[in-house]
Amino acid sequence: MIQQKMEQAIQTLETFYGYSSFRKGQEQIIRSLLTNNDALVVMPTGGGKSLCYQIPAQVLGGTTLVISPLIALMKDQVDAVNQIGIRATFVNSAISKAEEHARLTQVASGEITLLYVAPERLYDPAFQNALKQTPISLIAIDEAHCMSQWGHDFRPSYLRIAEWINGLPYRPPVVALTATATPEVAEDICLRLGIDVNNQHYTGFKRENLTFRLLRGEKKDRFIMQYVEAKKGLSGIVYASTRKEAEQIYRQLRKQQTNTVLYHGGLTEIERTEAQEAFVHDEADVMVATNAFGMGINKSNVRFVIHANLPGTIEAYYQEAGRAGRDGEESECVLLYQAQDIQTQRFFIEQSNGELEKKENDFEKLQFMNRYAHTNQCLEQFILEYFGGSESEPCGKCSNCTKEGEQEDVTREAQMVLSCVVRMKERYGKSIVAQVLTGSKNKKIEQFHLNKLPTYGLMNKRTAKDVQAFIDFLLAEGFIGLTPTSYPTLKVLEKGAAVLKGDAKVNQYKEHISSQQNNINDPLFEQLRLKRKELAEKQGVPPYLIFSDKTLKEMATVVPKTNETLATISGVGAHKLELYGEAFLDLLRSTDIQVSTVISTQQKGKAKLNVDEAIQLYNEHKSPSEIAEELGFSEQTIIKHLIEAEKDGRASDVLKLVTEEKQIRIKEAINEHGTEFLKPIKERVGETISYTEIKIVMELGANV
Ligand code: ADP
Ligand code: ZN
């Protein structure tokens, strides 16, 4: 029984989502739910949590209830599910009473596979009535950490979920999902929902496709300008810790004519919504924002997140940086550290009106963030260890892992700065020290007789700004310190004293703007993106819901020219193939771009099916499953090709793979439900007939 259900699950993955295999954890979780067990799922953002309940929903039939606190996200989630041909809807305060009534009627008549609601809705009488008439086969609780007071986003409305479930006449399996639970929070969720501790599924916090970079004392503005220029056309977020700084960065990027929008708490709601919409719909490439932006943003093709300032906690940093690369494509997270960022964060904590204990806790968290900014350890490993992971390996790609061989001995320059600070009796700040070192003619310097110092003009080959940045680096590395006063002055610390005495060396790493390839250089990818945008506009959905960047990249690499090859691209399910296949094929067929130049190593690993070979085996009377095994592809893929081959006259009798009795049943179901959605047909014909068989009859049945 479970075997059969798991097969259906795999079929759903292939047919609806167009994916070839489950990701880490997904299969086990789905198996658990299909055997009527609960599950607590802790999986990082972008790990693929939604499939863990959407696929069982589809396999189980009936209605799956999805409880989520993020009303703003529901439409997006529902659009995404509808795009792949699964029936979903949401009921929340954003829709009219009439619309609510219409949707609940659909629910009551059992037409809806996935119903999204906020927890407040559970006790609504109209809602309860609708549910009485349809079996709830599964309950999914998204953002489940909201249920725990130990979590960072506790919501009282979440507490009543457990009580509501207990009041049901029967208890369907429950799946609670979150990206951010510490073991303590996870246990709390299990306790409240009555989930057996053995049903906890952790896939870790690691995000394989993210690369972390840390730049200390870099000239921030210049870096951001150059970086954004290098990534022109790609989506990215730049976070700043204050509104003022966000505005400044925004103005500069605008000057550079980048397609940038701004978002912070000081703007009107309309301004914010416009900015967000422009970003989500790929009309603006770069979003400059404070941390007010991001909650409930599902945009999957964010390729970089730059933090222009140090955030207050590792949790906040990982959450914000983690908005990059939800689609699993390589993405970068860059943190620009300046010594004064710590002051800003301290100020925020001091100004906050929490209790003393809370403030101390915040300071402690800030300390960890500060350590991150100074560590020589693998950055990813540092973060994972912070979240309680112990046996992680260095990632091999973050800016700390790749530093080797790029360092420069700057001991002499450091000694110049340090001795200058000493000569100036540790009474001046960064900018004056830099002016002395570069031999500035500033009146103040003469006035204080600083031009008489032996270190005056010692670094006159460099600009004052440049020297200031170098001082920032020495600050970050702990050679120099700042007094905690409103006019901070520089002090030589122990580590610096050792350098002055010649007992220690100073090495500085050279930083590069970016090693990551900018895919935008691929003209075909660019054309595909434009096509996607055009289709998205027509449909009124964000472009990434049509196809992800990952899918478009694969298309640009493989350049499919037929329906059958297009179907082998990851992310192209049956429904999307029908909706968008022709539009993309038109473009792909008209392209004369050389394919050979862009085949990536990843793509090489995944060999393309030799269709002729498959047809030949078929003509030798091998069954699709035998062919599948022999060629190393799924049966589903083989059959897709055979169907096309029959249409082209290269194969015959493919329809005979389905018995006549089954053909009749499928045709009856098609007559009744049409061919728009597979699901109702499947439900009508029952378990003994597979999706593949339906597909064959749908495609070839009319010809007989
Ligand atoms: P989460 O909710 O955990 O943040 P999602 O469920 O939104 O993650 O999934 C992130 C992305 O990964 C989506 O684009 C999704 O379609 C894709 N994805 C999920 N599972 C798979 C899979 N098995 N194979 C390929 N892509 C997948
Ligand atoms: Zn690393």
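Shown above is the structure to which this text applies.
Presented here is an overview of the structure given in this document.

Definitions and limits used
- Numbering of residues begins from 1 in every chain and follows the order in which that chain's sequence is written.
- Here the convention is simple: chains get letters from A, ligands get numbers from 1, in the order in which they are written.
- Given that the model is predicted, a residue must reach a pLDDT of at least 70 before its local features are reported, and side-chain atom pairs must reach 80 or more before they are shown or counted; all residues, however, enter totals for whole chains, interfaces and linings.
- Think of the side-chain values as coming from all heavy atoms in the structure, minus any hydrogens and water.
- Only runs of H or I of at least four residues qualify as helices and only runs of E of at least two qualify as strands under DSSP, and these elements are numbered from the N terminus.
- Burial classes follow relative accessibility: with a 1.4 Å probe on protein chains only, a residue under 20% of its type's maximum area counts as buried, one over 50% as exposed, and anything between as partly exposed.
- Two N or O atoms form a polar contact when they lie within 3.5 Å of each other; inside protein one atom must be a possible hydrogen donor and the other a possible acceptor, and for residues adjacent in sequence the pair counts only when both atoms belong to side chains.
- Strand pairing is assigned whenever DSSP detects at least two bridges linking the two strands.
- To get an axis, a line is fitted to the C-alpha atoms, and for a helix only the part in contact is used. The angle between two axes follows their N-to-C directions and goes from 0 to 180 degrees.
- Residue contacts follow a heavy-atom distance rule, with two residues in contact if any of their heavy atoms lie within 4.5 Å.
- Donor atoms: N, O and S within 2.8 Å of the metal, or within 3.2 Å for Na, K and Ca. Because water is excluded, sites can look incomplete.
- Between 85 and 135 degrees for all angles marks four donors as tetrahedral; over 155 degrees for opposite donors together with 65 to 115 for all other angles marks four donors as square planar and six as octahedral; every other arrangement is irregular.
- Here the expected span of a helix is defined as 1.5 Å times the quantity of residues minus one.
- Surface patches are defined over residues having more than 30% relative accessible area and no salt bridge, joining like charges when they lie within 9 Å and nonpolar side chains (Val, Leu, Ile, Met, Phe, Trp, Tyr) when within 5 Å.
- We get accessible surface area from the Shrake-Rupley algorithm with a probe of 1.4 Å; when it comes to residues, only the shown protein chains can shield them.
- Here, a salt bridge means any side-chain nitrogen of Lys or Arg that lies within 4 Å of a carboxyl oxygen of Asp or Glu.
- A residue counts as positive if it is Lys or Arg and as negative if it is Asp or Glu; His and the chain ends are not included.
- In plain terms, the charge of a residue is placed at NZ if it is Lys, CZ if Arg, CG if Asp and CD if Glu.

### Here we look at the side chain of glutamine 54
No. 1: Residue position: glutamine 54 is located in helix H3 (residues 49-60).
No. 2: For glutamine 54, a relative accessible area of 7% translates into the label buried.
No. 3: In terms of polar contacts, glutamine 54 uses its side chain to reach the side chain of tyrosine 116, at 3.3 Å.

### A few points about the sheet that holds strand E6 (residues 174-178)
No. 1: Pairing is parallel across the open sheet formed by seven strands, whose spatial order is E3-E4-E2-E5-E6-E1-E7. Looking along the sheet, the strands with just one partner apiece sit at the ends: strand E3 (88-91) and strand E7 (200-202). For this sheet, the mean inter-axis angle between neighbouring strands, taken without regard to orientation, is 20 degrees.
No. 2: Pairing of strand E1 (residues 39-42) with E6 involves four bridges; the strand directions are parallel. Across the sheet, the residue bridging to alanine 39 is valine 175, located in E6.
No. 3: Packed onto the sheet, helix H6 (residues 125-132) meets strand E2 (63-67), strand E4 (114-117) and strand E5 (136-141) and runs at close to 165 degrees relative to E4.

### Re the coordination of the zinc ion (ligand 2)
No. 1: Bound to the zinc ion (ligand 2) on the protein side are Cys378 (SG), Cys395 (SG), Cys398 (SG) and Cys401 (SG), at distances that span 2.3 Å.
No. 2: Each of the four donor atoms around the zinc ion (ligand 2) contributes to a set of angles spanning 103 to 120 degrees, which defines the coordination as tetrahedral.
No. 3: Along the chain, the residues donating to the zinc ion (ligand 2) fall in the pattern C-x16-C-x2-C-x2-C.
No. 4: In this structure cysteine 398 comes out as buried when scored by relative accessible area, which is 1%.

### A short note on helix H16 (residues 411-423)
No. 1: When the terminal C-alpha atoms of H16 are compared, their 18 Å separation across 13 residues agrees well with the 18 Å that a helix rising 1.5 Å per residue should span.
No. 2: All of the buried residues in H16 are Thr411, Ala414, Met416, Val417, Leu418, Cys420 and Val421.
No. 3: A positive phi of about 60 degrees marks lysine 425, the residue just after H16.

### A few points about a negative patch on the surface
No. 1: Together, Glu355, Glu357, Glu360 and Glu364 make up a negatively charged patch on the protein surface.
No. 2: The residue glutamate 364 is located in helix H14 (residues 356-374) in this model.
No. 3: Taking the relative accessible area as the measure of exposure, glutamate 364 reaches 49% and is therefore partly exposed.

### Considering unusual backbone geometry
No. 1: Even without being a glycine, glutamate 426 presents a positive backbone phi close to 55 degrees.
No. 2: Tracing the chain through its elements places glutamate 426 in the loop between H16 and helix H17 (430-437).
No. 3: By relative accessible area, glutamate 426 is classed as partly exposed at 30%.
No. 4: Of note in this structure, histidine 449 is not a glycine but carries a positive phi near 60 degrees.

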